Amino acid sequence: MHPTEDERPLSYPLHGATALEPPAEWDALRERCPFAPVTLPSGDEVLLLTRHEDVRRMLSDGRFASMLRAEGAARLADDESGGVFGGDMAMAIPARGEAHRRWRRTVGRWFTAERVAALRPGIEAVAEKLVDDMVSHGHPADLRAQLAFPLPLWVICDLLGVPAADHDRFSYWSDVLLNLTRYGQDEIEQAQDDFVDYLAAHVYTKREMPSADLLSDLVVAWDPDGDPMSERELVFTGQALLVAGHETTANVIGKTVALLLADRSRWERLLADRSLVGPAVEEALRFDADPGIGVPRYLDEPLEIAGHLLPPGTTVLCSTAAANRDESVFDLPDEMLLDRGPNPHLAFGAGAHSCLGQDLARAELCTVLHVLLRRLPSLELAAPPADLRRLEGLAVGGLSEVPVRW
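In this report, we go over the structure that sits alongside the text. Counting restarts for each chain: residues are numbered from 1 in the order of the written sequence. Only residues with pLDDT of 70 or above have their local features reported here, since the model is predicted, and side-chain atom pairs are shown and tallied only from 80 upward, although totals for entire chains, interfaces and linings are computed over all residues. Side-chain figures throughout are based on the complete set of non-hydrogen atoms in the structure, without hydrogens or water.

**Focus on the pairing of strand S2 (residues 36–39)**
As judged from the two bridges shared by strand S1 (residues 10–11) and S2, these two strands associate in the parallel manner. In the strand pairing of S2, serine 11 is matched with threonine 39. Following the chain from S1 across helix H1 (residues 25–32) to the adjacent parallel S2, one finds a crossover that is right-handed. Pairing between two strands is assigned when DSSP locates at least 2 bridges connecting them. Here a helix means four or more residues in a row that DSSP labels H or I, a strand means two or more in a row labelled E, and each is numbered from the N terminus. One ladder, built from four bridges, connects S2 with strand S3 (residues 45–49); its direction is antiparallel. Note that in S3 the partner of alanine 36 across the bridge is leucine 48. Here S2 folds back onto S3 in antiparallel fashion, the turn holding five residues, of which glycine 43 has a positive phi close to 95 degrees. We call a crossover right-handed when, viewed with both strands directed away from the observer, the connection leading from the first strand over the helix to the second proceeds clockwise.

**Focus on the sheet that holds strand S9 (residues 380–381)**
The strands that make up a sheet are held in pairs by hydrogen bonds between backbone atoms, and each pair lies either parallel or antiparallel. Within the open sheet, the three strands sit side by side as S4-S10-S9. Their pairing is antiparallel. Single-partner strands in this sheet number two, and they are strand S4 (141–142) and S9. Direction of pairing for S4 relative to strand S10 (residues 403–405): antiparallel, over a ladder of two bridges. Paired with alanine 141 across the two strands is valine 404, which belongs to S10.

**Structural notes on the packing of helix H11 (residues 231–262) against helix H12 (residues 264–272)**
Every axis in this analysis is a line fitted to C-alpha atoms, fitted for helices over the stretch in contact. Angles between the N-to-C directions lie between 0 and 180 degrees. The N-to-C vectors of H11 and H12 enclose an angle of 100 degrees; their axes lie 4 Å apart at closest approach. As far as their axial angle goes, H12 and H11 are roughly perpendicular. Facing Leu259, Leu260, Leu261 and Ala262 of H11, the residues of H12 in contact are Arg264, Arg266, Trp267 and Leu270. In the scheme used here, Gly and all other residues not listed as nonpolar or charged are polar, with Ala, Val, Leu, Ile, Met, Phe, Trp, Tyr, Cys and Pro taken as nonpolar and Asp, Glu, Lys and Arg as charged. Considered class by class, the residues forming the contact of H11 with H12 number six nonpolar, no polar and two charged. Geometric relationships in this document are graded by angle, where less than 35 degrees denotes roughly parallel, more than 145 denotes roughly antiparallel, 65 to 115 denotes roughly perpendicular, and other angles denote oblique. Whether two residues are in contact is decided by their heavy atoms, any of which lying within 4.5 Å being enough.

Geometric descriptors of this kind do not, in isolation, establish any biological role.
Okay, here's the thing in structure tokens:
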């Protein structure tokens, strides 16, 4: 069923009754609408996709990308660029075609299984140190602030060769660029300018004195076609990797631990069988009710969805979280089954634009769980699950704090 013209669009994003629960509207939307009109924080209207098949198809179709500066494209945020998805960073990195494939080939060399495996000892060492610090401060503690947030920041800054002294600046820039409502236009522009200036200087330093990090490699790396990455691409690649590799992973770590502790029988099951950590991570990614605003796509040619033709100039928003609860794909979709398999969730997208760093994110999640299970087996939430609060305004969903004790 297509929504009628007199239906009032839902205000988006949608939220559940608590920070860990899914929006009540998802089931109805999947059942009756291949897509539904929703109004974004900017006031612009888009069509929301919620079914697994439709979302997977949209994300896998290389013809459509995040070209949100196209004329008529919806803005996610109420600023000139439309937020992080439509800013200079999104425009500088090739969105599709051979240019995009070249970019992924060049950057992807740093996210192979072999590279990620080599990073695991360092990730574990940092996780151990952060847990040491958290324990020394005593409980109750905020696991988000003391572990989930600093760990991925260290990982991505280490990959980019960013000095530890600059981690706080990177954290602030990431927060501003991913926030849709908290900051004004002047502060967003200033953060963007400062971030670009920093990375331009960083790229220059790596060109003069390369070291064993991703940006140094990109400065001197040559594509098989013989074309080096441009200065602009280098700067905004660094920015994209920070934004994608820090805030999103930090929030997923916090929510994964919260979900496992919200029903402590889940935690007890992992304590009894550590082989379930990997499947549990995949299930937490599927079960996450608030991964963020969704993945926007702009159509510059017609597309048929479930028998309905969407015209060029349409902006669609893919809700991977709603798709991950689709009962036509997942048995008992509203239950968190730690041994679920197969688990074709769309948390990392699909197709040519799927998350480049998904194996690294998985490594961080699994490492954190193994360290916590070993070091703090008595870990539990220090507040009722219903009292956990969501982060407001971010394009990626998260919890404002994860209070724990042990």
